[in-house]
Amino acid sequence: AELKDEQLYSQGQERSEEHFCPICTLPIAFPLKEHSGINSCCMKRVCYGCHVAAQQRGIKGCLYCRTLPPENDEDTLAMVHARVAKK
């Protein structure tokens, strides 16, 4: 039975690292845009389950890098530009 399970799970395509939530490490369901969001500060995709859990605990800001959320669109754009410049 273990051999059949191994064969079953080894079939198909591998999911890339960005398809997994960096907080809970679970795969994010498809379509990704409906089940996760991208943080503008660190450009990490976090599942909505982790977002809900953080809100319930009163955590504000990015779950990955702890940066406070931007106040307006200009701040968001500046964060994205800064992140792109670092790569």
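Note: the structure precedes this text.
The structure reproduced in this document is the subject of the present report. Quantities reported herein were computed from a predicted structural model and do not represent experimental measurements.

Calculation rules
Residues numbered from 1 in each chain as written. Predicted model: local features only at pLDDT ≥ 70, side-chain atom pairs only at ≥ 80, totals over all residues. Heavy atoms only, no water. 1 Å grid on protein atoms, 1.4 Å probe; cavity = no way out; pocket = protein on both sides within 12 Å on 5 of 7 lines; lining within 4 Å. Points joined across faces, edges and corners; volume = space filled by probe spheres on them. Nonpolar A, V, L, I, M, F, W, Y, C, P; charged D, E, K, R; others polar. Helix = DSSP H or I, 4+ residues; strand = E, 2+ residues; numbered from the N terminus.

Quick word on the layout of surface pockets
With a probe scaled to a water molecule rolled over the atoms, the places where space remains empty come into view. What the largest pocket holds in volume is close to 270 Å³. Forming the walls of the largest pocket are Glu 17, Glu 18, His 19, Phe 20, Pro 22, Leu 32, Ile 38, Met 43, Lys 44 and Arg 45. For the lining of the largest pocket, the per-class residue count stands at 5 nonpolar, 1 polar and 4 charged. The calculated volume of the second largest pocket comes to roughly 200 Å³. Considering the residues around the second largest pocket, the lining is formed by 15 residues, among which Asn 39, His 51, Gly 61, Cys 62 and Pro 69 are closest to the centre. By residue number, the principal contributor to the lining of the second largest pocket is helix H3 (residues 48-57), which donates 3 residues. Tallied by class, the residues present in the lining of the second largest pocket amount to 9 nonpolar, 6 polar and no charged.

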